[in-house]
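Spelled out, the chains give:
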Amino acid sequence: MTPARVSVRNVSKVFPRRKATRVRGIATDGWPALRDLLRKTIRREREQRREGHDQLWALNNVSFDVAPGEIVGIIGRNGAGKSTLLKILARVLSPTAGHVTIHGRVVSMLELGIGFAPDLTVRQNIQIQGRLAGIPGKRVLASEERILELSGMTPFRDIPLRLCPSGSAVQLGFATMMGLGSEVVLADEVLAVGDTAFRKMCEEQVEAVGASGVSVLFVSHDMAAIRRICSRVIWIDRGRIVQIGPTDEVVNAYTTELLAGRLLPLTGETLAASCRLLAARLLDENHAPVGALTITNAGYLDCLVRVSRPDVTALVDVELWLEEHHLFTVTSPPIEAPQATTFRTAVHIPGDFLNEQQYQARFRVRALGHFDPAGAPTTATEERLDFRVINVQREQSVWNEWTGTSKGFISPRLTWRLSRVQ
Amino acid sequence: MSAQPTIIIEARPDSVAARLRSLWQYRAFLGFLSKEIVMRRARGTLLGFWWVLLRPLMPVVTLIFTFTSVKPVETSAGVPYSVFFLSGYITWRIFQSALNFLPRTMTWTQSIMRRAYFPRLLVPFAGLAPTLIEFALLLVAFAVVVVSAWWSDGQLPLRVGWQLLGLVPAVIGALMFALTIGMPTAVIALFFRDMRYAIRSFASVFMFLTPVVYPVTFIPEQYRWAMYAFNPMAAIVELSRWSLIGGQLNAGYLALSFATNIILFVLSVAFFLRAEAYLGDQL
């Protein structure tokens, strides 16, 4: 038996849930956060290992092994702890408990396409990306040809990135990560962006590096892609491993659970059993589950609702939030059923409408005309779905802002009229 | 395949020795970060890199003009005021400019830190890059002032000899004290932006509590010890001035200053190394 390339043992991660305090009218969690940090650093206070209401267990006692050359898929709903797991493996976050041993270099694609300098040439950008991944300059130079070939950008090698075809940054980022010759690759939602051809290229490359002995940990909501490329799948829900095993087995179990609605919602409580929200997802325009939308493409906010009594008419409200701002609410047509039925309903989000931001969609099911004794309309379940809208049209700077992003909560494409006044 | 490094991630923060080892492993990152920090300032400005040159020269011209033409200061060192002033200011400026940059460097490199691992201690060290560029520039300015004074007075105001080596510990001392104050404030600046403004104002006020624009003889004999005891920069600036143009140097105060400086520096590095492990949650 070959020794494990990555072995994760009893890893837990706790995030304190802090209430934002208001200082002179500005909401901030600066004070409690700073106090926490100082306590830990100066007084060496260990994080409390108790499960309380003020703590979020993003990961709870997670253990698994990854062999060389294995492509492991990580699935689970939004907020299940998938990204936290990858961030711990990438050493961006440190675990609260447990330990991880990795034999080899790790290259992580946590936020693809960030860290590019539009004014530098393609080759210089490869150097920067390699440095960010912690690979020495000489090694990067050695794998430069391979990266250029993988990304299909050999003819553009000495051209500033901003003059390259759009989408080059993402493509180059992916190729760099794959071509750097590391032993472990961490990929978080890399397929969420880009067109079909790009996705196909990504999948092929993941398979190719897997075949060459690189271990890949691959987070995705795209079950079809997971089925195609992964040999083993880990299913995480609310910080715990639910199931780990051969791809088809785990993916089938996961989708069955998702459809049957046996997964408990992350937040909210069931006040009325008559209509329940089972799951919420973000779909792209081809109805494939994704974690992010691109700014120009349309998508759907999709949810499963179970209506179990004939006398109940259910309505789904979807609220769109940006940080603490409530942007709008849309309400579904009434849903009725003679017997217990599960419905799928989706609201269309047009392209060229949302801005480049991190949004939260709050799904809520209510029973029309039913009120609970307290007088508030019955809120059966609430589901929160965080998603990003990203821009793959313009090139991104080395720093965290896009160059020339339009500001505001949304960025609709509106028509203009221009006429001459006599 | 060549020898593969083994990475062990523990819940407990790594030991200080392991941290210093990884600092060495990731040394190539220092150049990359420094370049990014220097270029970050230039991005989106009209004059670009020239700001690095302009920023330190503007106060030099203003202060020299004020204390020679508006309100002349008697330096009693037998050298023109401009030479006297710059001989201390070049070292002082290291401290002031580093304090200007350090609280901001952490926020600037946040997006890099969010997606890649490297020892975070490299960030404040890379933050010294623009300061060192300014220092090199001020050395040139000092040379120009010295040569023009030599040319007009016929007498070289610079004391050439082994004492010039005193500039080296003065520069190192100023860099250390800037890091001592800069590292914890850079951590706090991640939580509160106020820190940047506060530290900048602090630095400009602090200059007048240090014998930079005036000679130390301006301060009455009986209060001088207080300045040296509470302000390590005072002895550092004096050392810089002594090594360039001569004058008196109190070895006792100098030793006191360097002792405080080294102790505070070690404490500050220790704080940063410990805080480092918990910064990830905050980014």
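So, how was this worked out
Per chain, the residues get numbers from 1 upward, laid out in the order the sequence is written. Following the order in which they are written, the chains are lettered starting with A and the ligands numbered starting with 1. Given that this is a predicted model, residues contribute local features only at a pLDDT of at least 70 and side-chain atom pairs are listed and counted only at 80 or more, while totals for whole chains, interfaces and linings are drawn from all residues. The numbering of helices and of strands both runs from the N terminus, where a helix is a DSSP run of H or I of at least 4 residues and a strand a run of E of at least 2. For the exposure call, what matters is how many other C-beta atoms sit within 10 Å of a residue's own: 20 or more marks it buried, 12 or fewer exposed, and in between partly exposed, using C-beta atoms placed from the backbone. By definition, two strands form a pair when at least two bridges between them are found by DSSP. By the convention adopted here, residues make contact when the C-beta atoms placed from their backbones lie within 7 Å. Residues are grouped as follows: Ala, Val, Leu, Ile, Met, Phe, Trp, Tyr, Cys and Pro are nonpolar; Asp, Glu, Lys and Arg are charged; every other residue, Gly included, is polar. Angular values range over 0 to 180 degrees, each being the angle between N-to-C directions of two axes fitted as lines to C-alpha atoms, with helices fitted over their stretch in contact. Here, a nonpolar core denotes buried Ala, Val, Leu, Ile, Met, Phe, Trp, Tyr and Cys residues that are linked to one another through C-beta atoms within 7 Å. With respect to orientation, any angle under 35 degrees is reported as roughly parallel, any angle over 145 as roughly antiparallel, any angle of 65 to 115 as roughly perpendicular, and every other angle as oblique. Rotating anticlockwise by less than a right angle from the far helix to the near helix defines a left-handed crossing, while the corresponding clockwise rotation defines a right-handed one.

Turning our attention to the overall build of chain A. Broken down by element type, chain A carries nine helices and 19 strands. Classification of the 422 residues of chain A by burial places 40% in the buried group.

As a further point, take the pairing of strand 16 (residues 325-331) of chain A. Counting buried positions over the seven residues of strand 16 of chain A gives zero, only a small fraction of the element. Linking strand 15 (residues 314-322) of chain A to strand 16 of chain A, which pair antiparallel, is a turn of two residues; within it glutamate 323 of chain A sits at a positive phi near 50°.

On to the interface of chain B and chain A, then. Counting residues at the interface gives 33 residues for chain B, matched by 40 residues for chain A. Sorting the residues of the side of chain B that touches chain A by element identifies strand 1 (6-10), helix 2 (28-42), helix 5 (110-115) and helix 12 (251-279) of chain B as the ones contributing at least two each. Of the residues belonging to the side of chain B that touches chain A, the class tally is 20 nonpolar, six polar and seven charged. In this sheet, strand 1 of chain B lies alongside strand 6 (residues 97-103) of chain A in antiparallel orientation, the contact comprising five bridges.

Residue and element names in this part refer to chain A. With mixed pairing, six strands are arranged side by side in an open sheet as 7-8-9-5-10-11. Where the open sheet ends on each side, the last strands, each with one partner, are strand 7 (106-109) and strand 11 (240-246). Adjacent strand axes in the sheet meet at a mean angle of 15° when their direction is disregarded. With four bridges connecting them, strand 5 (residues 71-75) and strand 9 (residues 215-219) associate as parallel partners. By the bridge assignment, valine 72 is partnered in strand 9 with leucine 217.

On to the nonpolar core, then. In terms of nonpolar packing, the biggest core is built from 145 residues, with Val185, Leu186, Val216 and Phe218 of chain A together with Ala178 of chain B touching the most fellow members. Among the elements that take part in this core, helix 4 (residues 81-108) of chain B stands out by supplying 15 residues, more than any other. Not counting chain neighbours up to four residues away, the residues in contact with phenylalanine 218 of chain A comprise Ile71, Val72, Gly73, Ile74, Ala187, Val206 and Cys230 of chain A. Membership of the second largest hydrophobic core comes to 30 residues, among which are Leu277, Leu301, Leu320 and Leu354 of chain A.

Residues and elements named next belong to chain B. Packing of helix 3 (residues 50-70) against helix 7 (residues 129-153) brings their axes to within 9 Å, and their N-to-C directions diverge by 55°. In terms of their interaxial angle, helix 3 and helix 7 are classed as oblique. As for how helix 3 packs across helix 7, the hand of that crossing is right-handed. Here helix 3 contributes Val52, Leu53, Pro56, Leu57 and Val60 to the contact with helix 7, which in turn contributes Pro130, Ile133, Glu134, Leu137, Leu138 and Ala141.

Further remarks concern unusual backbone geometry. Residue and element names in this part refer to chain A. Despite not being glycine, asparagine 10 has its phi angle at roughly 50°, a positive value. With respect to the helices and strands, asparagine 10 occurs in strand 1 (residues 6-16). Using a count of 15 C-beta atoms within 10 Å as the deciding quantity, one classes asparagine 10 as partly exposed. Although it is not a glycine, arginine 238 sits at a positive phi angle of roughly 45°. Checked against the element boundaries, arginine 238 lands in the loop between strand 10 (232-237) and strand 11.

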